Amino acid sequence: MIKTDVVIVGAGPCGLFQVFELGLLGLKAEVVDSIRQPGGQCTELYPDKPIYDIPGIPVCTGDELTENLLQQIKPFAAGMHLGDEVTVLRPDGDGFYLQTDSGTEFMAKAVVIAAGVGSFQPRALRASGIDCVAENCVHYRVKEPQQFNGKNLVVLGGGDSALDWVLELAPIARRITLVHRRDEYRAVDASVAAMREMVASGKMDLFENAKVTELRGDENALESVIVTNKAGETFEVVADHVLVFFGLAPKLGPIAHWGLDINRKTINVDAERFETSIPGIYAIGDINYYPGKKKLILCGFHEAALAAFAIKQRIEPDKKVHVQYTTTSPIMHDRLGLKDDEE
Ligand SMILES: Cc1cc2nc3c(=O)[nH]c(=O)nc-3n(C[C@H](O)[C@H](O)[C@H](O)COP(=O)(O)OP(=O)(O)OC[C@H]3O[C@@H](n4cnc5c(N)ncnc54)[C@H](O)[C@@H]3O)c2cc1C
C-alpha cells in the first residue's frame with residue numbers, strides 16, 4: 001500500500017504539470033498511467049508534430065514537451081506507475097483508496113483525475129473465429145517475449161510496435177509473418193528497411209495490402225490464420241500466436257463507475273478549484289468540463305495550478321496558502337532543490 005498526499009490519474013501533459021504545482025506547495029504525488037510512456041496524447045498521437053501555443057516555448061514537438069515536463073518535475077521525485085490502469089477509486093475515511101489493474105494500492109489525501117480523453121486501450125482484431133480459439137493466443141502487448149520461443153508467430157500492423165516486435169522476435173520464433181493492410185508503414189524507416197531485408201533473405205514472410213480475416217483452432221490452441229489480400233485471394237498461415245498492433249484508442253473506461261458527475265465523456269468541475277462532485281477528487285485537462293472549457297494544454301496547466309492550491313487548503317484547512325514566486329521565494333527554492341549559488 002503506497003501512502004501519499006495525492007494520486008494523479010494520467011501522465012499526460014496536465015498530469016505531469018500537476019506534479020510540479022503540487023510539489024511547489026510541498027505536496028507529494030504518485031502518477032499512474034495505463035500506457036507505458038508518459039506524455040498522454042502528446043507522445044501517443046503526435047510525438048513528432050510541432051506545438052506552437054505553449055507559453056514561452058515558440059515551438060516544440062509532443063515528445064519535446066513531455067521531456068521538458070519530466071525535467072521540470074524531477075525535483076519532486078513523484079512515483080511513476082506506467083502501463084497500469086487505475087480501476088478502483090473510492091472514498092476511504094478522510095482520504096481515498098485506489099487500485100490499479102496490476103493490484104497496486106494507494107491511500108491518498110486527494111486525487112487528481114488528469115485522464116484526458118480516457119485510458120488508451122489497444123484496438124481489437126476483428127476476425128471470424130476469434131471467440132473460438134484460445135484467448136491466450138491473441139496478444140495486444142508483449143509481456144514475456146520468451147513465451148514465443150520456437151513458435152509460429154503472425155504479427156499484425158505497420159507501426160513502430162509491430163515492426164519493433166517483428167525484429168526482436170524473429171531470432172527466437174520458429175517462423176514469423178507480418179501482415180499489414182497497406183504497403184506503406186508508420187514505423188521508422190530503419191525498422192522497415194531491416195524488415196524488408198529479412199524478407200528478401202527468406203528469414204520471414206510478409207503480406208502487404210492484406211488482413212487476417214479468420215482464426216482457426218479451438219479453445220486449447222490456435223492452429224492457423226487466414227490472410228486475405230486486396231484481390232480477395234486467401235492464404236492459410238500456420239500460427240501458434242497472433243500479435244496485434246493496431247494502435248491505441250482512448251476509452252473513458254473505469255472512470256465512468258467512480259460515482260462522479262459525468263457529462264458525456266467529461267467530468268463536471270467548478271472553475272475555481274476544479275473539484276468534481278466528490279469533494280477531494282479534482283479533474284483537470286481534457287477530461288473536465290465547466291462553462292467555457294477549452295481542451296488546450298495551457299488551459300490544463302492553469303487548472304493544475306488552481307487545483308494544487310485547493311488541495312493544499314483541503315489538506316491544511318487551518319493554514320492560509322500564500323502565492324509565492326519561484327523567482328524569489330527561498331521556500332520555493334528549497335522545494336525545487338536549488339542551492340544558493342543556483343538561485
Ligand atoms: C493531433 C493533436 C494535436 C494537438 N495539438 C495541440 C496543440 O497544438 N496545442 C494544444 O494546446 N493542444 C493540442 N492538442 C490537445 C492536447 O494534446 C490535449 O489537450 C492534452 O493532451 C490534454 O492533456 P491531458 O493531460 O489532459 O490528457 P492526455 O494527454 O489525454 O493524457 C491523459 C492520460 O491519462 C491516462 N489515463 C486515462 N484514464 C486512466 C486510468 N483509468 N488509469 C491510468 N491512466 C489513465 C491516458 O492513458 C493518458 O495517457 C492536440 C491533440 C491532438 C490529438
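Coordinates for the structure precede this section.
Right, let's walk through the structure included here.

Calculation rules
Residues numbered from 1 in each chain as written. Predicted model: local features only at pLDDT ≥ 70, side-chain atom pairs only at ≥ 80, totals over all residues. Heavy atoms only, no water. Patch = residues over 30% accessible without salt bridge, like charges linked within 9 Å, V, L, I, M, F, W, Y side chains within 5 Å. Areas by Shrake-Rupley, 256 points an atom, 1.4 Å probe, with all protein chains shown as cover. Salt bridge = Lys/Arg side-chain N within 4 Å of Asp/Glu carboxyl O. Lys, Arg positive; Asp, Glu negative; His and termini not counted. Charge placed at Lys NZ, Arg CZ, Asp CG, Glu CD. Helix = DSSP H or I, 4+ residues; strand = E, 2+ residues; numbered from the N terminus. Buried < 20%, exposed > 50% of the residue type's maximum accessible area, 1.4 Å probe, protein only. Axes fitted to C-alpha atoms, helices over the stretch in contact; angles between N-to-C directions. Left-handed = near helix turned anticlockwise from the far one by under 90°. Contact = heavy atoms within 4.5 Å. Nonpolar A, V, L, I, M, F, W, Y, C, P; charged D, E, K, R; others polar. Pairing = 2+ DSSP bridges. Core = buried A, V, L, I, M, F, W, Y, C linked by side-chain atoms within 4.5 Å. Near = heavy atom within 4 Å. Polar contact = N/O pair within 3.5 Å; in protein donor to acceptor, adjacent residues only side chain to side chain. 1 Å grid on protein atoms, 1.4 Å probe; cavity = no way out; pocket = protein on both sides within 12 Å on 5 of 7 lines; lining within 4 Å. Sits in = over half its atoms within 2 Å of the grid points.

## Section: a negative patch on the surface
(1) Moving on: Among the surface-exposed residues, Asp48, Asp63, Glu64 and Glu67 lie close enough to one another that they form a single negatively charged patch.
(2) Moving on: Position of glutamate 64 among the secondary structure elements: in helix α3 (residues 62-73).
(3) Moving on: Overall, the relative accessible area of 41% leaves glutamate 64 in the partly exposed class.

## With respect to the packing of helix α1 (residues 13-24) against helix α6 (residues 297-315)
(1) Moving on: Where α1 meets α6, the closest approach of the two axes is 8 Å, and the angle between their N-to-C directions is 35°. For the pair α1 and α6, the sense of crossing is right-handed. Within the contact between the two elements, α1 uses Pro13, Cys14, Phe17, Gln18, Glu21 and Leu22 and α6 uses Ile297, Gly300, Phe301, Ala304, Ala305, Ala307, Ala308 and Ile311.
(2) Moving on: Looking at side-chain class alone, the contact of α1 with α6 contains 11 nonpolar, 2 polar and 1 charged residues.

## Focus on the sheet that holds strand β20 (residues 266-268)
(1) Moving on: Taken in spatial order, the 3 strands make up an open sheet running β19-β20-β22, and their pairing is mixed. Both edges of this open sheet fall to β19 (262-263) and β22 (288-289), since each of them pairs with a single strand only.
(2) Moving on: The sheet contact formed by β19 and β20 spans 2 bridges and is antiparallel. Note on β20: the bridge partner recorded for isoleucine 262 is isoleucine 267.

## Some thoughts on the sheet that holds strand β11 (residues 152-156)
(1) Moving on: Taken together, the 5 strands give an open sheet; going across it, the order is β10-β17-β11-β12-β13, and neighbouring strands pair in parallel fashion. A single partner strand is all that each edge strand has here, and the edge strands are β10 (138-139) and β13 (205-207).
(2) Moving on: Here strand β12 (residues 175-179) runs beside β13; their pairing, made up of 3 bridges, is parallel. Bridge pairing in β13 links valine 179 to phenylalanine 207.
(3) Moving on: Across the sheet, helix α4 (residues 160-169) lies against β11, β12 and β17 (241-244), angled at about 165° from β12, the strand it touches most.

## Observations regarding unusual backbone geometry
(1) Moving on: You will see that asparagine 209, though not glycine, has its phi angle at about 50°, which is positive.
(2) Moving on: Among the secondary structure elements, asparagine 209 is positioned in the loop between β13 and β14 (210-217).
(3) Moving on: Although it is not a glycine, arginine 264 sits at a positive phi angle of roughly 55°.
(4) Moving on: Here arginine 264 lies in the loop between β19 and β20.
(5) Moving on: Arginine 264 sits in the exposed class, given a relative accessible area of 80%.

## Thoughts on the nonpolar core
(1) Moving on: Formed by 62 residues in total, the largest nonpolar core has its most connected members in Ile8, Leu98, Ile113 and Ile255.
(2) Moving on: In terms of nonpolar packing, the next biggest core, distinct from the first, is built from 21 residues, Phe148, Leu153, Met195 and Met198 among them.

## Concerning the site of the ligand
(1) Moving on: Taken together, 32 residues form the shell around the ligand, and within it Asp33, Gln41, Tyr46, Asp53 and Asp286 come nearest.
(2) Moving on: Between proline 13 and the ligand, the recorded distance is 3.4 Å, taken from a backbone N or O atom to an oxygen atom.
(3) Moving on: Cysteine 14 places a polar main-chain atom, nitrogen or oxygen, 3.0 Å from an oxygen atom of the ligand.
(4) Moving on: Here the ligand, which alone exposes 1000 Å², has 86% of that area covered by the protein.
(5) Moving on: A majority-of-atoms criterion places the ligand in the second largest pocket.
(6) Moving on: Counting residues per element, the shell around the ligand draws most heavily on α1, at 3 residues.
(7) Moving on: A class-by-class count of the residues in the shell around the ligand yields 16 nonpolar, 10 polar and 6 charged.

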